[in-house]
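Spelled out, the chains give:
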Amino acid sequence: MQSELHEEQKVTSLCGNHVARLVPSSDGPKLLINLEEYALNEACWDVEMFHGRSNSIFIFYWKGEVKLSVKMPRMPQIEAFMTRLYQILTSKLRTVQPI
């Protein structure tokens, strides 16, 4: 399974006005949350992802600080985004060295 990101993937949370995007760049994929940009090739992120029967919870940490915490309904667009993000982060865990 290829883990590189070749096109932007976007999801809009239905719990508030948060927009999250996975965006390709020359230095690797980036996660954009609203107007903030986080390079996923750096070792200062952490993620908690929970999938339930009717909702998913996504919490993104940057340098120990919560940058996004949302509860989202199960929808195909959200499922695709969460799956893609999981694939990218799992691939990065193998290549990122701790600080």
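Everything discussed here concerns the structure shown above.
Attention here is on the structure that accompanies the text. The model shown is predicted, which means the values in this text are computed figures rather than measured ones.

### Overview of the overall build of the protein chain
On a plain count of helices and strands, the protein chain comes out with one helix and seven strands. Secondary structure elements of the protein chain occur, N-terminal to C-terminal, as β-β-β-β-β-β-β-α. Summarising the internal contacts of the protein chain: among those between residues at least 6 apart in sequence, 40% fall at separations of at least 24. By element, 51% of the accessible surface of the protein chain is carried by carbon and sulfur atoms, the whole surface being about 6200 Å².

### A look at unusual backbone geometry
For residues besides glycine, phi is generally negative; the peptide bonds are generally trans as well. In the Ramachandran plot, N34 falls in the positive-phi region, its phi being about 55° despite a non-glycine side chain. For N34, the location among the structural elements is in the loop between β3 (30–33) and β4 (36–39). Positive phi outside glycine occurs at K63, with the angle close to 55°. Residue position: K63 is located in the loop between β6 (55–62) and β7 (65–73).

### Details of the nonpolar core
Of all hydrophobic cores here, the largest spans 21 residues; its most connected members are L31, L40, F58 and F60. Of all the secondary structure elements, the ones that give two or more residues to this core are β2 (19–23), β3, β5 (45–51), β6, β7 and α1 (76–95). The greatest single-element share of this core, amounting to six residues, is contributed by α1.

The rules behind each value
Residues numbered from 1 in each chain as written. Predicted model: local features only at pLDDT ≥ 70, side-chain atom pairs only at ≥ 80, totals over all residues. Heavy atoms only, no water. Helix = DSSP H or I, 4+ residues; strand = E, 2+ residues; numbered from the N terminus. Contact = heavy atoms within 4.5 Å. Areas by Shrake-Rupley, 256 points an atom, 1.4 Å probe, with all protein chains shown as cover. Core = buried A, V, L, I, M, F, W, Y, C linked by side-chain atoms within 4.5 Å. Buried < 20%, exposed > 50% of the residue type's maximum accessible area, 1.4 Å probe, protein only.

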